[in-house]
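Below, each chain spelled out in residue letters.
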Amino acid sequence: ARVYSAVTGDEVTREELEAKGMKILHLFRALTARQMGEADQRTKHDMIPDWVFHYPEDKEAFTPGHDKMDVDDMELAKDMLYEQMGWDKATGMPTRDTLASFGLDDVADALAAQGLLPA
């Protein structure tokens, strides 16, 4: 926040800068959905390629230090991220309440008009 304030002359606290970043992230998510014409960002956008995952013969035989991940763990990670972001777990889209909390009611209205806002 100090660097941002020094460079821009816009004096902000760390909390205010974080809120600006979150607002930008919600806007970017909305723009992505509009560009794709797809509300289901979870399965159409937030995909993880198969090569990331580790499929041992024995699912319990995970090797410590291995660089491969488990599909179920990554889906749980998505749930956790979406919850923290205020996004719908089923679609990965910001909810109307989340958008409104950042002063983005007009974005929520536009997404709803296009069928891109979660119910």
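Refer to the structure above for everything that follows.
Here's a quick rundown of the structure. (Residues numbered from 1 in each chain as written. Predicted model: local features only at pLDDT ≥ 70, side-chain atom pairs only at ≥ 80, totals over all residues. Heavy atoms only, no water.)

## Details of the overall build of the chain
On a plain count of helices and strands, the chain comes out with 6 helices and 0 strands. Counting from the amino terminus, helix and strand elements in the chain follow one another as α-α-α-α-α-α. For the chain, the residues scored as buried account for 27% of the 119 residues in total. Here the contacts in the chain between residues at least 6 apart in sequence split such that 45% fall between residues at least 24 apart. By element, 57% of the accessible surface of the chain is carried by carbon and sulfur atoms, the whole surface being about 8100 Å². (Helix = DSSP H or I, 4+ residues; strand = E, 2+ residues; numbered from the N terminus. Buried < 20%, exposed > 50% of the residue type's maximum accessible area, 1.4 Å probe, protein only. Contact = heavy atoms within 4.5 Å. Areas by Shrake-Rupley, 256 points an atom, 1.4 Å probe, with all protein chains shown as cover.)

## What about the environment of Thr8?
With respect to the helices, strands and loops of the structure, Thr8 is situated in helix 1 (residues 2–8). A relative accessible area of 43% places Thr8 in the partly exposed class. Only 2.7 Å separates the side chain of Thr8 from the backbone oxygen of Tyr4, close enough to count as a polar contact. Within the structure, the side chain of Thr8 is placed 3.0 Å from the backbone nitrogen of Asp10, a separation counted as a polar contact. (Polar contact = N/O pair within 3.5 Å; in protein donor to acceptor, adjacent residues only side chain to side chain.)

## With respect to the packing of aromatic side chains
Tallying each qualifying case throughout the model produces 1 aromatic pair. Judged by centre distance (6.1 Å) and plane angle (40°), the ring pair of Tyr82 and Trp87 falls under tilted. One exposure class covers both Tyr82 and Trp87, and it is buried. (Phe/Tyr/Trp six-rings, centres within 6.5 Å; stacked < 30°, edge-to-face > 60°.)

## Things to note about the pattern of salt bridges
Counting across every chain of the model gives 9 salt bridges. When the shortest N-O distance is used, the salt bridge between Asp46 and Arg29 registers 2.4 Å. One end of the pair, Asp46, is in the loop between helix 3 (41–44) and helix 4 (71–85); the other, Arg29, is in helix 2 (residues 14–36), with 17 residues separating them in the sequence. With relative accessibility at 16%, the residue Asp46 sits in the buried group. Using a relative accessible area of 7% as the deciding quantity, one classes Arg29 as buried. Beyond isolated ion pairs, a larger network of salt bridges with shared partners links Arg42, Glu75, Lys78 and Asp79. (Salt bridge = Lys/Arg side-chain N within 4 Å of Asp/Glu carboxyl O.)

## Focus: the side chain of Thr32
By secondary structure assignment, the location of Thr32 is in helix 2. Setting aside its immediate chain neighbours within four residues, Thr32 contacts Gln41 and His45.

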